[in-house]
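Residue-level structural notes
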Amino acid sequence: MKNASDIMTREVITVSLETTVQQLAQLLSAHGISGVPVVDPDGRVLGIVTESDLIDQNKKVHIPTIVTILDSFFFLENPDKMEQEMRKIAGATVADIYSSPAVTVTTTTPVDEIATIMSEKNVHTLPVVDDGQLYGIIGKKDIIKTIAG
């Protein structure tokens, strides 16, 4: 059975918290990738930022439903979610839009477990991390290449 170290991409493109949203979009487009790890100055993974985070910047804001009873307001949904959406939409840097903590795997994680993680957690880009250090990255295309043989 293959594991993460057998299928991962070893030359990982990363960004910092200070990377602008425009720089991120150009980077993803130029390299034909769907996401990158966000790292601190020491190279430790802080989170992940993906095409979905960029797309979220351009979506319509969902206003939470409110019910009024006897001059009191009751939110039927969490108003904090709207605040998070607004923060992402107004974001200018990766720090404003990335997801943290990143879902990661180790170099010895089996491919079937990686596929399960991607499916169950709905993630398509997994940094490969051991002892806090970034060793590679696995995307859904890497899993498909493994299946194809």
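Below, the structure is looked at part by part.

Criteria and thresholds
Residues numbered from 1 in each chain as written. Predicted model: local features only at pLDDT ≥ 70, side-chain atom pairs only at ≥ 80, totals over all residues. Heavy atoms only, no water. Helix = DSSP H or I, 4+ residues; strand = E, 2+ residues; numbered from the N terminus. Buried < 20%, exposed > 50% of the residue type's maximum accessible area, 1.4 Å probe, protein only. Contact = heavy atoms within 4.5 Å.

So, unusual backbone geometry
The bulk of non-glycine residues show a negative phi, and the bulk of peptide bonds are trans. Cis peptide bonds are those with omega within 30 degrees of zero, and the linkage from Ser100 to Pro101 qualifies with -5°. Here Pro101 lies in the loop between α5 (94-97) and α6 (111-121). Phi angles above zero are rare outside glycine, and Asn122 is one such case at about 55°. You can see Asn122 is positioned in the loop between α6 and β5 (125-130). For Asn122, a relative accessible area of 59% gives the class exposed. Positive phi values are uncommon outside glycine, yet Asp131 reaches one of about 50°. Among the secondary structure elements, Asp131 is positioned in the loop between β5 and β6 (133-139). Using a relative accessible area of 76% as the deciding quantity, one classes Asp131 as exposed.

What about the environment of Ile13?
Along the chain, the position of Ile13 falls in the loop between α1 (4-7) and α2 (21-31). C-alpha separation for the pair Ile13 and Leu27, spaced 14 residues apart in sequence, amounts to 8.8 Å. The contacts of Ile13, once residues within four sequence positions are left out, are Leu27, His31, Ile33, Val36 and Pro37.

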